[in-house]
Amino acid sequence: MIEAKNLTKRYGDKVAVKDLSFTVGPGKVTGFLGPNGAGKSTTMRLLLGLDHPDRGTATIDGRRYRELTTPLAVVGALLEAKAVHPGRTAYNHLLCLAQSQGIGKKRVYEVLDLVGLREVAHKRAGGFSLGMGQRLGLAAALLGDPAVLVLDEPVNGLDPEGILWVRTFMRQLAAEGRTVFVSSHLMNEMAVTAEHLIIIGRGSLIADCPTQEFIERGKKQTVLVRSPNADELAEAIARAGGTVTRSDDGELSVEDLDATRIGEIASAGGHVLHEVVPQRGTLEEAFMALTRESVEYAGTGSTRDADAPKPGGDAQ
Ligand SMILES: Nc1ncnc2c1ncn2[C@@H]1O[C@H](COP(=O)(O)OP(=O)(O)OP(=O)(O)O)[C@@H](O)[C@H]1O
């Protein structure tokens with residue numbers, strides 16, 4: 001279990017994280033989302049004892065990182081893909097980490113198997129692809145068999161096969177009962193990977209809820225209806241309380257009634273239906289709607305600031 005309580009961190013005049021409180025529970029993947037500069041990396045650094053909060057606490061299983069005597073056995077972290085000496089073999093890299101905390105060789109081979117790197121264990125990590133580097137990072141995070149994993153952008157830059165592998169692996173780790181806390185800019189990816197979301201903007205909490213609930217909150221649900229009897233059907237739907245918008249090609253967009261009810265109305269009136277399709281919003285739409293206010297440099301239209309948000313730029 002991860003807990004942030006009134007976490008606040010300033011860099012000079014800049015408040016990177018502001019009175020942020022949340023908990024991340026076990027058994028599911030929790031996504032950590034926010035626009036550029038929202039404070040995600042700072043929060044993860046505070047959690048992992050790499051920086052100190054000005055106020056508040058960040059704890060893992062009730063203890064601050066620096067209070068952990070064998071941190072690898074409590075929390076595994078993946079912060080940067082290539083934080084490995086390029087001349088070192090995968091095996092030696094893991095062995096050095098393991099030995100620093102009294103973990104044996106057997107576990108090194110176990111984690112190499114877990115991430116599918118056993119065959120290249122004695123190859124230099126410098127020659128690894130990005131995907132192999134991520135696998136090695138995950139192997140390192142798992143060395144102490146921790147119940148908590150903190151992963152910063154684990155699928156960034158990976159090809160579809162690599163993304164699928166990391167997604168499946170994270171879900172598997174969560175299914176084993178671990179707490180998996182993962183930051184990402186890839187909305188579509190988070191929508192299918194994370195069961196729960198913690199969303200921040202300008203260092204403050206915007207949402208802490210199940211992914212599905214967040215998507216539904218972001219967009220009013222509509223149902224697309226096609227029928228050769230569109231006029232009569234539109235009237236019947238309106239009489240039943242639906243709000244109907246008709247497009248030029250005769251397609252109906254219905255709010256305030258669900259697809260089942262629309263099917264019943266059509267059937268009762270003897271109207272032929274060609275299509276009844278619930279239109280679900282995407283996580284990206286919900287995210288854009290809810291974080292618009294929180295984007296640091298919104299609306300400047302400027303390309304001068306490297307930190308400026310990239311609306312829609314994270315779509316896959
Ligand atoms: N060491 C630092 N010194 C000064 N300002 C910092 C430092 N680290 C972060 N900041 C500022 O704090 C804010 C939050 O940054 P942070 O990197 O935590 O955001 P983020 O959500 O991880 O963003 P991104 O998605 O772009 O990585 C930003 O405005 C950033 O410029």
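For the structure itself, consult the block above.
Attention here is on the structure that accompanies the text. Values in this document were obtained by computation on a predicted structure and should not be read as measured data. (Residues numbered from 1 in each chain as written. Predicted model: local features only at pLDDT ≥ 70, side-chain atom pairs only at ≥ 80, totals over all residues.)

**A look at the overall build of the chain**
Inference 1: In terms of regular secondary structure, the chain is built from ten helices and 13 strands.
Inference 2: Expressed along its principal axes, the backbone C-alpha trace of the chain runs to roughly 75 × 50 × 40 Å.
Inference 3: Per-residue burial over the chain gives 39% buried out of 316 residues. (Helix = DSSP H or I, 4+ residues; strand = E, 2+ residues; numbered from the N terminus. Buried ≥ 20, exposed ≤ 12 C-beta atoms within 10 Å, placed from the backbone.)

**What about the site of the ligand?**
Inference 1: The ligand sits among Tyr11, Lys14, Ala16, Gly34, Asn36, Gly37, Ala38, Gly39, Lys40, Ser41 and Thr42.
Inference 2: Mapped by element, the contributors of at least two residues to the shell around the ligand are β2 (14-24) and α1 (40-47).
Inference 3: Among the elements that make up the shell around the ligand, the one with the highest residue count is α1 (three residues).
Inference 4: For the shell around the ligand, the class distribution of residues is three nonpolar, six polar and two charged. (Near = placed C-beta within 6 Å. Nonpolar A, V, L, I, M, F, W, Y, C, P; charged D, E, K, R; others polar.)

**Looking at the environment of Leu46**
Inference 1: You can see Leu46 is positioned in helix α1.
Inference 2: Note: C-alpha distance between Leu46 and Val17 (29 residues apart in sequence) is 9.8 Å.
Inference 3: Setting aside anything within four residues of it in sequence, one finds Leu46 in contact with Leu7, Lys9, Val17, Asp51, Pro53 and Ala58. (Contact = placed C-beta atoms within 7 Å.)

**A look at the pairing of strand β5 (residues 75-78)**
Consecutive side chains along a regular strand alternate between the two faces of the sheet.
Inference 1: The two faces of β5 match: Val75 and Ala77 on one face and Gly76 and Leu78 on the other face are all buried.
Inference 2: Where β5 lies against strand β6 (residues 148-152), four bridges are found, and the strand directions are parallel. By the bridge assignment, Ala77 is partnered in β6 with Val150. (Pairing = 2+ DSSP bridges.)

**Some points on the sheet that holds β5**
Inference 1: Spatially, β5-β6-β7-β3-β8-β9 is the arrangement adopted by the six strands of the open sheet, whose pairing is mixed. Where the open sheet ends on each side, the last strands, each with one partner, are β5 and β9 (204-210). Adjacent strand axes in the sheet meet at a mean angle of 15 degrees when their direction is disregarded.
Inference 2: Pairing analysis gives five bridges linking β6 to strand β7 (residues 179-183), with the strands arranged parallel. In the strand pairing of β7, Asp152 is matched with Ser183.
Inference 3: Across the sheet, helix α7 (residues 211-218) lies against β3 (28-33), β8 (196-201) and β9, angled at about 110 degrees from β9, the strand it touches most.
Inference 4: Sitting on the sheet, helix α10 (residues 283-291) is in contact with β3, β8 and β9, with an inclination near 150 degrees to β9. (Axes fitted to C-alpha atoms, helices over the stretch in contact; angles between N-to-C directions.)

**Observations concerning the packing of helix α2 (residues 90-100) against helix α3 (residues 105-114)**
Inference 1: Taken N-terminus to C-terminus, the directions of α2 and α3 make an angle of 130 degrees; their axes are 9 Å apart at the nearest point. It follows from the interaxial angle that α2 and α3 lie oblique. Regarding α2 and α3, the two cross each other, and that crossing is right-handed. On α3, the residues that touch Ala90, Tyr91, Leu94, Leu95 and Ala98 of α2 are Lys105, Arg107, Val108, Val111 and Leu112.
Inference 2: Its residues assigned to classes, the contact of α2 with α3 comprises eight nonpolar, no polar and two charged. (Parallel < 35°, antiparallel > 145°, perpendicular 65-115°, else oblique. Left-handed = near helix turned anticlockwise from the far one by under 90°.)

**Observations concerning the pairing of strand β10 (residues 222-226)**
Inference 1: Only one face of β10 is buried, namely the one carrying Val223 and Val225, since none of Thr222, Leu224 and Arg226 on the opposite face is buried.
Inference 2: Across four bridges, the pairing between β10 and strand β12 (residues 252-255) is antiparallel. Residue pairing across strands places Val225 opposite Leu252, the latter belonging to β12.

**Some thoughts on the sheet that holds strand β4 (residues 55-60)**
Inference 1: Read across the sheet, three strands follow the order β2-β1-β4 without closing on themselves; strand pairing throughout is antiparallel. Both outer strands of the open sheet, β2 and β4, are each paired with one neighbouring strand and no more. Across the sheet, the mean angle from the axis of one strand to that of its neighbour is 20 degrees, orientation sign disregarded.
Inference 2: Pairing of strand β1 (residues 2-11) with β4, which is carried by five bridges, proceeds in the antiparallel orientation. Within β4, the residue paired with Thr8 across the bridge is Arg55.
Inference 3: Its contacts with the sheet put α1 on β1, β2 and β4, and the angle it makes with β1 is roughly 115 degrees.

**Thoughts on unusual backbone geometry**
Inference 1: A positive phi is found at Asp19, a non-glycine position, where the angle reads about 45 degrees.
Inference 2: Take Asp19: there are 15 C-beta atoms within 10 Å of it, and that puts it in the partly exposed class.
Inference 3: Unusually for a residue other than glycine, Arg202 sits at a positive phi of about 50 degrees.
Inference 4: Its location among the elements puts Arg202 in the loop between β8 and β9.

**Observations regarding the environment of Pro154**
Inference 1: Within the fold, Pro154 resides in the loop between β6 and α5 (160-175).
Inference 2: Taking the C-alpha atoms as reference points, Pro154 and Pro53, 101 residues apart in sequence, are found 24 Å from one another.

**Concerning the environment of Val180**
Inference 1: Relative to the helices and strands, Val180 is located in strand β7.
Inference 2: With 46 residues separating them along the chain, Val180 and Arg226 place their C-alpha atoms 43 Å apart.
Inference 3: Val180 has contacts with Val29, Thr30, Leu149, Met170, Leu173 and Ala174, leaving out every residue within four places of it along the chain.

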